[in-house]
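# Remarks on the overall topology
Listed below, chain by chain, are the residues.
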Amino acid sequence: MTADPSHQQQQQLAIILGPDPSQFETLISHLMSSSNEQRSQAEALFNLCKQAHPDALLLKLVHVLQASTRPESRTMSVILLRRQLTRDDSFLWPRLSASTQSTLKSTLLTCLQSESTKSMSKKLCDTVSELASAILPDNQWPELLPFMFHCVTSENSKLQESALLIFAQLAHYIGETLVPQLTTLHSVFYQCLSNAAGKSGDVRIAALGASVNFIQCLTSASDRDRFQDLLPLMMQTLTEALNGGQEATAQEALELLIELAGTEPRFLRRQLVDVVGSMLQIAEAASLEEGTRHLAIEFVITLAEARERAPGMMRKLPQFIHRLFAILMNMLLDLEDDPDWHTADTENEDAGETSNYGFGQECLDRLSISLGGNTIVPVASELFPSYLVAPEWQKHHAVHIALAQIAEGCSKVMVQNLEQVVSMVLNSFQDPHPRVRWAAINAVGQLSTDLGPNLQEKYHQRVLPALAGAMDDFQNPRVQAHAASAVLNFSENCTPDILVPYLDGIVSKLLVLLQNGKQMVQEGALTALASVADSSQEQFQKYYDAVMPYLKAILVNANDKANRMLRAKSMECISLVGMAVGKDKFRDDAKQVMEVLMSLQGSEMEADDPTASYMLQAWARLCKCLGQDFLPYMNVVMPSLLQSAQLKPDVTITSADSDAEIDEDDESIEMITVGDKRIGIKTSVLEEKATACNMLCCYADELKEGFFPWIDQVAPTLVPLLKFYFHEEVRKAAVSAMPELLRSAKLAVEKGQSQGHNESYIKQLSDYIIPALVDALHKEPEVEICASILDALNECVQSSGPLLDENQVRCIVDEIKQVVTASSSRKQERAERAKAEDFDAEEGELLKEENEQEEELFDLVGDCLGTLIKTFKASFLPFFDELSSYITPMLGKDKTAEERRIAICIFDDIAEHCREAALKYYDTYVPFLLEACNDESSDVRQAAVYGVGLCAEYGGSVFKPLVGEALSRLDMVIRNPNSQHSDNMMAYDNAVSALGKICQFHRDSIDASQLVPAWLGCLPIKGDLIEAKVVHDQLCSMVERSDRELLGPNNQYLPKIVAVFAEVFCMKVLHNYLT
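Presented here is a report on the structure given in the accompanying data block. It should be emphasised that the depicted structure is a prediction, and the values quoted were computed from it without experimental measurement.

A tally of helices and strands in the chain yields 51 helices and 3 strands. Along the longest, intermediate and shortest principal axes, the C-alpha atoms of the chain span 120 × 75 × 65 Å. Partitioning the intrachain contacts of the chain with sequence separation of at least 6 by distance along the chain shows that 72% fall at a separation of at least 24. Working note: accessible area of the chain is about 46,700 Å², and carbon and sulfur atoms make up 50% of it. Counting 91 positive and 150 negative side-chain charges, the chain places the averaged centre of each group 3 Å from the other.

What follows is the structure in structure tokens.
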């Protein structure tokens, strides 16, 4: 709490708030001072006024607003008023007397009526809106809405605009309070949007903003439909602004309509053809400003991307997709053949490219991802041929740039047309223009990523020689460098058997490029060599002696500022080559390399030096290669690594409507808007932090107990980052590290390498990590990371085991309930989306992929519960009872096969690990098991027949009445004509195992003379090696005790038994040989 003002301060306050208005105005001017000291003193006094005399302070601010002759003081006073009347931590309204409150409300409205300056009017509207959003819902400002309706229906266009600006903000903040006024507002908005009433452009734009915000706040579709007749007027506002040459106004209108397209796309559906047609007309109008045309395209792309709210809607307009694609292709032609491009020193040089070109690229990518290959590929296929036969090099270039942009979104369809795609691209490797050749190589690189590994498997014999040929283009270093980069993309999705036959040619060409004078070419060659080594692994040993001397020479000699990236890439290449060839081959050079890295580690580096980031990764790879031999270097590596992991995000926060500029074009800054705040985050800091966190995880994984000395520093660094919402990669790395840290501690304690610590240390670490993971799971917004957290939690429980207390288990179980509930809600939302009028097969495919992610989540829930059941056995059953209402529905026929399989596996774990204590669940679960034995899904069948075997083994008399049906179900699995098919083999093997258990544990309930030989006839089993061991061990035991039914009358089954043993023995010898 702030201390009471001192006597001196009270005197200052008395003067500032006294009768002389100039004193307060001086305080206001000091708040705007460029002198930090003067501004800080003024802020301290202002805050004292707030604390001690809120009424006097606000009345003074209002007085300056009304009476000051200095525009900057009036502006500052209204900004300060808004801050004090905004419902946040500094909200002063509840502390004001009724009299001050009344004065403030009436004065604000009076000022609004008399204000003549436009910028001040807007600020007053903001202040009124902030206060109204706080007090209007409680009916503390009954005169406001009548005042606004009076203004909006007056003849004064300035007042009309002000009222509409306030309506727009109130609809955004407290829309539900305005809904009772729906009919009146509709009429008002209609009048103000209509040009017939002679409304000014400003009024119509304000009406457009108010209409858009109000439509967005309506939750009922029928309420929204009542505003459909405004849409033609909204579009008219845009077109008339354009026709009148008021492009700034038109751009405002477009931005509002883009917002509507993103949040309520279905509102536009009935008039979609007219609206999209108008937008494309704007996009095609060469006479308009680039910014206006870009916004019109942004509107159409936003509609295409609004999948969750209007699935499939834009695919119903193929004629417009053709037009839009043609517009975007045309933008790619806005490219100059700038000489600087050819002489550039780095691959990033984009000389000759325009904002049209960049925007066209971005939109092609977004359009193909949102609409998919079935829509985009036919359109592209129709347009590309005419471009490829045109005389202009820009058109050839555009095709390959477009191809690279649409590959990700169209990958499934393009994979089916690989022949045409590959031929088209490789033909341009011979194009006379180097920029076209560059674009074709660029396309190969992108296609290798997006269409891999299909492209690599089917076309390696055409693509790799073409890239090797492009590396010979010594006249055009950019083409050479890009060919090397494309080799990287190609080899990343490549298996060694594909790559090895080409290694001689590729490695020798890359070595030639490595000796090239052009740094960009050398960098490309280094990156390609690194990737080729990584993909070919030990097969790269053959080239090691030729390659490593060059790499070391660059590492040692490339030490001036211009060569920093070259040296950094040599580190990357050396460490990847070392990992590929292995410790024995690399050991001698590794020592020398690490000495260089150690000397660099200790040197001062500039902020933009890439060396530090590359070095972080190189150290981690060297650790992976050298294993425990790396431990002596940890003291060198860890301090800077921890420093990077502890980097604070470089964040700039301004209010969304602030005049303070964040440079939004700065690619090193990522912009996000949260509520009314704009946040700019420096991405390079986040990337370094993410890399460091990944490396820490890597060291813990590789060094196991050797990492123990660092746990006390690493755990407090990484645990808080489980909730680092600025960057997903940081969170993922922190999550992955948690089980590694626990495993490291556990191994160190077990092996006596824990510096005197015992099991209590593991308990302490577990108590720190597991609740943090549970809490992170509760707050995690991304499904993929939720899955990672569940996986990590499962591994941590496996390490901590019985060290968990009941309270911790309770938290995990409660969170699992939340995960299941949230997942079910998401699936329900998708089911609702599937009912949309425009829903189509392509949307169905995307929905299926999203639901598969939920199944992965359920699978991990099953794993987690399985681990808890194995760990706590019968003492977990009270928790299982709570969970059964979540698990039992997953057995329903309306659920997916994967959900059914997971639910069955959970019961299997209960039956296996809780034994007698689990018998009470047989009545509920065994009927599901028996029915699932004949499920269409082989995975479900396997889980079910495995469960039947467990129930036979542990169910005793409870299972006895079910033996007959169980045998009948197992018989259907075993006798199925396709039972030996690879898909069915695991279910078959588990059914045979279950049959064996019935023979063993329920002999008195069966005709053993028939069933035991039948079981023997199914042996040996070969698919499920775990069950094979169980079954073949059982056979051995039965032979050892000369089981009568097994041997048969006169030992007639003995030859079969011997044959089974012989086959098992051969299988074992073969298995040992292969492994």
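A few words now on the packing of aromatic side chains. If you walk through the whole model with that rule in mind, you get 18 aromatic pairs. The interplanar angle of 40° and the centroid separation of 5.7 Å between the aromatic rings of Phe630 and Tyr633 together place this pair among those described as tilted. Residue Tyr633 is classed as buried on the basis of its relative accessible area, which comes to 14%. Lying across the ring of Tyr387, Lys395 places its NZ or CZ 5.1 Å from the centre. Against the face of Phe724 rests Lys689, its NZ or CZ located 5.2 Å from the ring centre.

Counting across every chain of the model gives 62 salt bridges. For Lys591, the salt bridge identified is with Glu595, shortest N-O distance 3.8 Å. Taken together, the residues Lys591 and Glu595, both in helix H31 (residues 583-601) and 4 residues apart, mark about one turn of the helix. The residue Lys895 makes a salt bridge to Asp894 at a minimum N-O spacing of 3.4 Å. A relative accessible area of 64% places Asp894 in the exposed class. When salt bridges with common partners are traced through the structure, they connect Arg826, Arg830, Arg833, Glu850 and Glu854 into a single cluster.

With that settled, consider the nonpolar core. Judged by nonpolar contacts, the single largest core of 380 residues is most densely connected at Phe630, Tyr699, Phe707 and Phe876. Sequence-distant contacts of Phe876, that is, excluding residues within four places in its chain, are made with Val809, Val813, Leu865, Leu868, Ile869 and Leu883.

Take the packing of helix H9 (residues 157-178) against helix H10 (residues 182-193) next. At a minimum axis separation of 14 Å, H9 and H10 run at an interaxial angle of 155°. When the axis of H9 is compared with that of H10, the two are roughly antiparallel. The two elements H9 and H10 cross, and the hand of that crossing is left-handed. Residue-level contacts link Leu164, Phe167 and Leu178 of H9 to Leu182, Leu185, Val188, Phe189 and Cys192 of H10. When its residues are assigned to classes, the contact of H9 with H10 shows 8 nonpolar, no polar and no charged.

Looking now at unusual backbone geometry. With an omega dihedral of 0°, the bond running from Gly452 to Pro453 counts as a cis peptide bond. With respect to the helices and strands, the residue Pro453 is situated in the loop between helix H23 (434-450) and helix H24 (454-470). Each neighbour pair has its own omega, and for Leu1019 with Pro1020 the value is -5°, a cis peptide bond. Positionally, Pro1020 belongs in the loop between helix H48 (1008-1017) and helix H49 (1025-1040). Phi is positive for Asn139, close to 55°, though the residue is something other than glycine. Residue placement: Asn139 occurs in the loop between helix H7 (118-135) and helix H8 (144-152). Since its relative accessible area comes to 56%, Asn139 is described here as exposed. Positioned with a positive phi, Lys873 is a non-glycine residue whose angle comes to about 50°. Structurally, Lys873 can be placed in the loop between helix H40 (841-872) and helix H41 (877-887). A relative accessible area of 39% places Lys873 in the partly exposed class.

Conventions adopted
Residues numbered from 1 in each chain as written. Predicted model: local features only at pLDDT ≥ 70, side-chain atom pairs only at ≥ 80, totals over all residues. Heavy atoms only, no water. Helix = DSSP H or I, 4+ residues; strand = E, 2+ residues; numbered from the N terminus. Contact = heavy atoms within 4.5 Å. Areas by Shrake-Rupley, 256 points an atom, 1.4 Å probe, with all protein chains shown as cover. Lys, Arg positive; Asp, Glu negative; His and termini not counted. Charge placed at Lys NZ, Arg CZ, Asp CG, Glu CD. Phe/Tyr/Trp six-rings, centres within 6.5 Å; stacked < 30°, edge-to-face > 60°. Buried < 20%, exposed > 50% of the residue type's maximum accessible area, 1.4 Å probe, protein only. Lys NZ or Arg CZ within 6 Å of the ring centre and 35° of its normal. Salt bridge = Lys/Arg side-chain N within 4 Å of Asp/Glu carboxyl O. Core = buried A, V, L, I, M, F, W, Y, C linked by side-chain atoms within 4.5 Å. Axes fitted to C-alpha atoms, helices over the stretch in contact; angles between N-to-C directions. Parallel < 35°, antiparallel > 145°, perpendicular 65-115°, else oblique. Left-handed = near helix turned anticlockwise from the far one by under 90°. Nonpolar A, V, L, I, M, F, W, Y, C, P; charged D, E, K, R; others polar.

These results come straight from atomic positions and should not be treated as a statement about function.
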